[in-house]
Amino acid sequence: MKPLENLLRAHEGPMTSELVLRPGDFGLGRVPARLKPVSTTNTVCGFCSTGCSLRVHLDAAGQAVNLTPDPDYPVNLGMACPKGWEALAPLAAADRVTTPLLRAAGGRFAPVGWEQALRTFCGRLKHVQARHGPHSVAVLSTGQIVTEEMALLGALTKFGMGLLHLDSNTRQCMATTHVAYKESFGFDAPPFTYADFEESDVLVFIGANPCIAHPIMWQRVMSSRRQPLVIVVDPRRTETAMAAGRHYAIQPKSDLTLLYGLAHLLINRGAADEAFIRASTDGYEAFALHVRDFPPSRVCAATGLTPEELEQFAAALADREKRVSYWWTMGVNQGHESTRTAQAIINLALLTGQIGRPGTGPNSITGQCNAMGSRLYGNATSLLGGYDFADAEHRAHVARVLGLDAALIPSAKSWAYDQIVDGIESGQIRGLWVIATDPAHSWINQGRLAALRSKLEFLVVQDMYATTRTAQLADLILPAAGWGEKEGVLINSERRLGLVRKVARAPGAALSDFAIFKLIAEYWGCGKMFARWSSPEAVFQLLKELSRGQPCDFSGVRDYAHLAEARGIQWPWTEASEMAASGRAPQRQRRLFADGRFFTPRRRARFVFDHPRPMPEEPDGSYPFLLLTGRGTSAQWHTGSRTDKSAVLRKLAPRGAIIEINPVDARRLVIRAGDRVLIQSRRGEMRATAVVTPTVQAGQVFIPMHDDQVNRLTFAAFDPHSRQPSYKACAVRLKRAIQERRST
Ligand code: SF4
């Protein structure tokens, strides 16, 4: 093995960099006087899956000074949400971890060098494996790092370290869509392009609040010249619902019944596109039989809609002259029967032939900036490139491309996130490595996870901050560079590969995740296996080769420079397409399935359906309210580990936890706006400040997901197909917390 200093230099430059950024350096529109921009580079935002391009202005040393949205990028067209504008602020936070930290005998963290950190990492995890078996160490990763890092992590852990269980927080947001598309289309392939927001006559948002969660996508809807009808299906009167033409405030988790009921009405109206169904789908007859059992009487009883509302809804979808598109996100994905619900949306588009043309499609909006990269290249559920671990030919092909022995690739799938948690409880998992995520905040029923800490013999956290809840529980913290301090590719919701650039040096001894994985490979003893994985761009070339012949083929993308020139490129972009383009840039907006051919063996989409099941924890006499959770503001991102670092974003978000309560319930419980409220579920309790508002229905309450207490309450139920947690519905009770009052 080469000396550490050489390895560090090879991957990251000198180990100790000048920390140029200081707390408070960045803020909306503020340019520190001592920093003068002299050049500009473009980079893709690292928060959400929209994938906006930002122009980062650099000083003479190539360090970021400030940024502005990119006016010439086909995604954001010159716009950015508050998080994008403040994207540099988290880099300059005071609590960045700048050196590895090892928990010492007295329980406190002590700074150590990389040499000791890497030896401890490998020594302790190998010890766990030696005592409890190779699969007793698991990894929980993220949808927030670049694709090349995800792929390297997946290959390192599964092919190099001999681990089996690797999952990521993509399980919490996009697992449902992954499974739904795969079963229905034969591949995890969102069919749309963002121009469809402007090309549609009728946009149906189901369990989606883009006004808050995807503000730039929402801006594109608002700027449509077609004067579209916007329909929102959501139990809450969200900001999107307020701006929509129609809002159907259905009962929580009645969406599957509603969607089958709509299919029933569409068939009865003669709105089925029989030519498309015949030519391009399988399973229609059985589906038509299935939805016969969903007459309006049943659907209205379940959803709370009137028969007139239901008819009116179906009529809006039935008009063949109109382009109808369907959009869903976490209100669907985080449910106990989420995969079948997503597929019920897909079925409506197939039934009416609303797919493959501008302004149509069953379109899943992704959450994290690289959930799409994680779905294809995380090496968790699918083998690198969307291949199947269980298929010997697939394993042989991947091994050939990577120059590996195929025997190193496991034929079994990893446990899903919840199964890894169960494995900790049962003692089968004794070592855990957590990367760029904070499960102690974000995992469902978080109290259980915290209680399991004592069952782990060794917990490593790799993150930008040592202050996350999970980092505080760790034995070892590895300091990681963040977005903007490294390079690589993110894949956005519309399948666009976009480039992230290094615009700032990571502080102190913090290293890119890529460099950390490479060092771990060396210290673990499998470094040679990754000799070709020498830089993020070298890995990009390997991934490109792995994509060849797959639906996600991007073999026509030459390199990073090509991505930058073309302003991002959507997959597929094959070598043949590139040759045919003969030097011209790929079309900026491309959608899938225009030819009516899908990725299943018969090249036909499938109607997939099932019987609705009751909600796992209904309100009752003891816990009479239904708790809904979701994004609260466009200024906060998930657990807030980055957005809370920005003074501007903190000002734009509520201070502390809030709970939205309907005025009828508030009156009955003698709760006024600004009162502190005690909320209890069967699993835990929290306090929040009351916001009395008719946007939630009587009997329901809403708490934003960003507060670190909310998952004390949530009920751990999972969709059986995707194993995605059902965060959106559990039973709680509430009362005013006596003598506590605080305004938001
Ligand atoms: S919408 Fe998403 S990608 Fe665009 S600026 Fe905001 S957080 Fe970044």
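The residue numbering used here restarts from 1 in each chain and proceeds along that chain's sequence as written. Whole-chain, interface and lining totals are the exception, using all residues; otherwise, since this is a predicted model, local features are given only for residues with pLDDT of at least 70 and side-chain atom pairs are given and counted only at 80 or more. Side-chain calculation: all heavy atoms of the structure are included, whereas hydrogens and water are not.

**Student:** Explanation requested: the site of the ligand in the structure shown.
**Tutor:** In the neighbourhood of the ligand, the contacting residues comprise Cys45, Phe47, Cys48, Thr50, Gly51, Cys52, Cys81, Lys83, Gly84 and Ile216. Think of it as three bins: nonpolar holds Ala, Val, Leu, Ile, Met, Phe, Trp, Tyr, Cys and Pro, charged holds Asp, Glu, Lys and Arg, and polar takes everything else, Gly as well. Looking at the shell around the ligand residue by residue, the class counts come to six nonpolar, three polar and one charged. One heavy atom suffices: a residue is near a molecule or strand as soon as one of its heavy atoms comes within 4 Å of it.

**Student:** Looking at this structure, I do not really get the confidence of the model for the protein. What am I missing?
**Tutor:** Atom-level detail of predicted coordinates should not be read off regions where pLDDT is low. Confidence per residue, as judged by the predictor, is encoded in pLDDT with a range of 0 to 100. Taken over all residues, the pLDDT of the protein has a mean of 93, while the share at 70 or more is 94%. Throughout residues 13-31 the model reports pLDDT below 50, and contacts reaching past four residues in sequence, or to other chains, amount to 47 contacts. Whether two residues are in contact is decided by their heavy atoms: any pair within 4.5 Å suffices.

**Student:** What is the right way to read the domain arrangement of the protein from this model?
**Tutor:** When the parts come together, some accessible area is lost, and that loss is often what is quoted as the size of the interface. Domains are outlined according to an automatic or database domain assignment. When its domains are assigned, the protein resolves into domain 1 (17-92), domain 2 (101-173 + 370-581), domain 3 (175-364) and domain 4 (625-741). Here domain 3 and domain 4 have C-alpha centroids that lie 27 Å from each other. Taken together, the 25 residues of domain 3 in the interface contact 23 residues of domain 4. As used here, buried area is the combined drop in accessible area, with a 1.4 Å probe, of two parts when they are placed together. A buried area of about 2,000 Å², summed over both sides, lies between domain 3 and domain 4, and 55% of it is on carbon and sulfur atoms. Three residues stand out in domain 3 for area buried against domain 4, namely Ile212, Arg236 and Gln334, and they jointly supply 33% of the buried area on that side. By salt bridge we mean one thing: a side-chain nitrogen of Lys or Arg within 4 Å of a carboxyl oxygen of Asp or Glu. Where domain 3 touches domain 4, the interface holds one salt bridge. With a shortest N-O distance of 3.6 Å, Arg236 and Glu660 are connected by a salt bridge. To qualify as a helix, a DSSP run of H or I must reach at least 4 residues; to qualify as a strand, a run of E must reach at least 2; elements of each kind are numbered from the N terminus. Counting residues per element, the ones that place at least two in the side of domain 3 that touches domain 4 are helix H6 (175-185), helix H8 (210-213), helix H16 (330-333) and helix H17 (338-351). Among the residues forming the side of domain 3 that touches domain 4, the class breakdown is 11 nonpolar, nine polar and five charged.

**Student:** What is the right way to read the environment of Leu140 from this model?
**Tutor:** Within the secondary structure layout, Leu140 lies in strand S6 (residues 137-141). Note on exposure labels: buried denotes an accessible area under 20% of the residue type's maximum, exposed denotes more than 50%, and partly exposed covers the range between, all computed with a 1.4 Å probe on protein chains only. With a relative accessible area of 3%, Leu140 lands in the buried category. Taking C-alpha positions, Leu140 is 8.8 Å from Ala436, a pair spaced 296 residues apart along the chain.

**Student:** Please explain the environment of Arg171 as it appears in this structure.
**Tutor:** Relative to the helices and strands, Arg171 is located in helix H5 (residues 170-173). Accessibility expressed as a relative area gives 10% for Arg171, which makes it buried. Distance in space between the C-alpha atoms of Arg171 and Ser374 is 9.9 Å, their sequence separation being 203 residues. Within the structure, the side chain of Arg171 is placed 2.7 Å from the side chain of Asp167, a separation counted as a polar contact. For the purposes of these results, a polar contact is taken to be a pair of N or O atoms within 3.5 Å, where, inside protein, one atom must be able to donate a hydrogen and its partner to accept one; residues adjacent in sequence count only when each atom of the pair is a side-chain atom.

**Student:** In this structure, what is going on with the pattern of salt bridges? I would like to understand it.
**Tutor:** Working definition: two side chains of opposite charge can pair if their charged atoms are close together. Inspection of every chain in the model, using the stated rule, returns 38 salt bridges. For Arg591, the salt bridge identified is with Asp196, shortest N-O distance 2.7 Å. With Arg591 in the loop between helix H27 (575-581) and strand S20 (605-606) and Asp196 in helix H7 (residues 195-199), the pair connects residues that are 395 residues apart, well separated along the chain. Of the residues examined, Asp196 reaches a relative accessible area of 0% and is grouped as buried. Salt-bridge contacts for Arg558 lead to Glu565; the nearest nitrogen and oxygen are separated by 3.5 Å. For Glu565, a relative accessible area of 56% gives the class exposed. Taken together, the shared-partner salt bridges in this structure form one network comprising Asp70, Asp72, Arg567 and Arg588.

**Student:** Explain the packing of helix H3 (residues 114-132) against helix H24 (residues 513-524) here, please?
**Tutor:** The description of two packed helices rests on the angle between their axes and on the distance between the axes. Simply put, an axis is a line fit to the C-alpha atoms, just over the touching stretch for a helix, and the angle between two N-to-C directions goes from 0 to 180 degrees. Between H3 and H24, the shortest axis-to-axis distance is 10 Å and the interhelical angle comes to 60°. It follows that H3 is oblique to H24 by the angle criterion. For H3 against H24, the interelement crossing comes out right-handed. Taken together, the residues of H24 that come into contact with H3 (itself represented by Trp114, Glu115, Leu118, Arg119, Phe121, Cys122, Leu125, Lys126 and Gln129) are Ile516, Leu519, Ile520, Tyr523 and Trp524. Grouping the constituent residues of the contact of H3 with H24 by class yields 10 nonpolar, one polar and three charged. Just so you know how the angles are binned, under 35 degrees is roughly parallel, over 145 roughly antiparallel, 65 to 115 roughly perpendicular, and the rest oblique. For a crossing to be left-handed, the near helix must be turned anticlockwise from the far one by less than a right angle; the clockwise case is right-handed.

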